[in-house]
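# Tertiary structure, described
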Amino acid sequence: GRTAAFGIRIEYDEAARRAFLTDVIETGPAAGLQRGTELLAIGTTRDTLRSVEDLMAQGGPAAVAVAFGPAQSGVTRWLRYRERGGTIDTRAFT
């Protein structure tokens, strides 16, 4: 897995073009998300969300990492995700 600056570790299923949270730092920006949550899309705004499937097709896990932006304080990204129970949500993380 790889760690993003939002306090999450991501495991990639490259063959299926999917990404799952394998660890969430309780004090990080993504606190409240759970391990096993599937990332569905990433964007700089709600209107610019791009699917993880498309990102993976474009450049694999590296393209997903780039979509998260620079590892610095103050960066905001919108994530669409599917919780383990199946609920899909979209919200901003900074």
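Everything here concerns the structure above.
I will try to describe carefully the structure that is included in this document. (Residues numbered from 1 in each chain as written. Predicted model: local features only at pLDDT ≥ 70, side-chain atom pairs only at ≥ 80, totals over all residues. Heavy atoms only, no water.)

### Side note on unusual backbone geometry
Defined as follows: The way it works is that DSSP assigns letters per residue, a run of H or I at least four long becomes a helix, a run of E at least two long becomes a strand, and they are numbered from the N terminus.
Its identity as a non-glycine residue notwithstanding, Arg 17 has a phi of 60°, on the positive side. Here Arg 17 lies in the loop between strand 2 (8-13) and strand 3 (18-24).

### Considerations on the environment of Asp 47
The line we're drawing: Three labels apply to residues, based on accessible area from a 1.4 Å probe with only protein chains included: buried if under 20% of the type maximum, exposed if over 50%, partly exposed otherwise in between.
Inspection of the secondary structure puts Asp 47 in the loop between strand 4 (38-43) and strand 5 (50-51). Judged by relative accessible area, Asp 47 falls into the exposed class, the value being 75%. For Asp 47 and Phe 93, which are 46 residues apart along the polypeptide, the C-alpha to C-alpha distance reads 15 Å.

### Section: the side chain of Thr 37
Our working rule: Counting of polar contacts relies on pairs of N or O atoms within 3.5 Å, with two restrictions inside protein: one atom must be capable of donating a hydrogen and the other of accepting it, and residues adjacent in sequence are counted only when both atoms are side-chain atoms. Contacts are residue-level and defined by heavy atoms, with any inter-residue pair within 4.5 Å sufficient.
Mapped onto the secondary structure, Thr 37 falls in the loop between strand 3 and strand 4. Residue Thr 37 is classed as buried on the basis of its relative accessible area of 1%. In terms of polar contacts, Thr 37 uses its side chain to reach the backbone carbonyl oxygen of Gln 34, at 2.7 Å. The contact partners of Thr 37, leaving out residues within four places of it in the chain, are Ala 19, Phe 20, Leu 21, Tyr 81, Arg 82, Glu 83 and Arg 84.

### Considerations on the nonpolar core
The criterion, for reference: Definition used in this section: a nonpolar core is a set of buried Ala, Val, Leu, Ile, Met, Phe, Trp, Tyr and Cys residues joined via side-chain atoms within 4.5 Å.
Among the nonpolar cores identified, the biggest contains 22 residues, and Ile 10, Leu 39, Val 64 and Phe 68 are the most heavily contacted of them. When contributions to this core are tallied by element, the ones reaching two or more residues are strand 2, strand 3, strand 4, helix 1 (52-67) and strand 6 (77-82). Top contributing element to this core by residue count: helix 1, with 6 residues.

### Quick look at the packing of aromatic side chains
Which entries qualify depends on this criterion: To pair, rings of Phe, Tyr and Trp, with the six-membered ring standing in for Trp, must have centres within 6.5 Å; the planes then decide the type, stacked if under 30 degrees apart, edge-to-face if over 60, and tilted in the middle.
The final tally for this structure, using the stated rule, is 2 aromatic pairs. On the numbers, 6.4 Å between centres and 55° between planes, the contact of Tyr 81 with Phe 93 is tilted. With Tyr 81 in strand 6 and Phe 93 in strand 7 (residues 88-93), this residue pair connects regions lying 12 residues apart in the sequence.

### A short note on the environment of Arg 91
Among the secondary structure elements, Arg 91 is positioned in strand 7. When the C-alpha positions of Arg 91 and Arg 80 are compared, they lie 6.7 Å apart, and in sequence the two are 11 residues distant. With residues near it in sequence (within four places) discarded, Arg 91 still touches Pro 29, Ala 31, Arg 77, Trp 78, Leu 79 and Tyr 81.

### Considering the pairing of strand 6
Note the threshold: We treat two strands as partners when DSSP finds at least two bridges between them.
Only one face of strand 6 is buried: it carries Arg 77, Leu 79 and Tyr 81, and the other face, with Trp 78, Arg 80 and Arg 82, is open. Pairing between strand 4 and strand 6: 5 bridges, direction antiparallel. Across the sheet, the residue bridging to Glu 38 is Arg 82, located in strand 6. Strand direction decides the pairing type here: strand 6 and strand 7, joined by 6 bridges, are antiparallel. From the neighbouring strand, Leu 79 faces strand 7, where its bridge partner is Arg 91. Here strand 6 folds back onto strand 7, and the loop between the two strands holds 5 residues, one of which, Gly 86, carries a positive phi near 105°.

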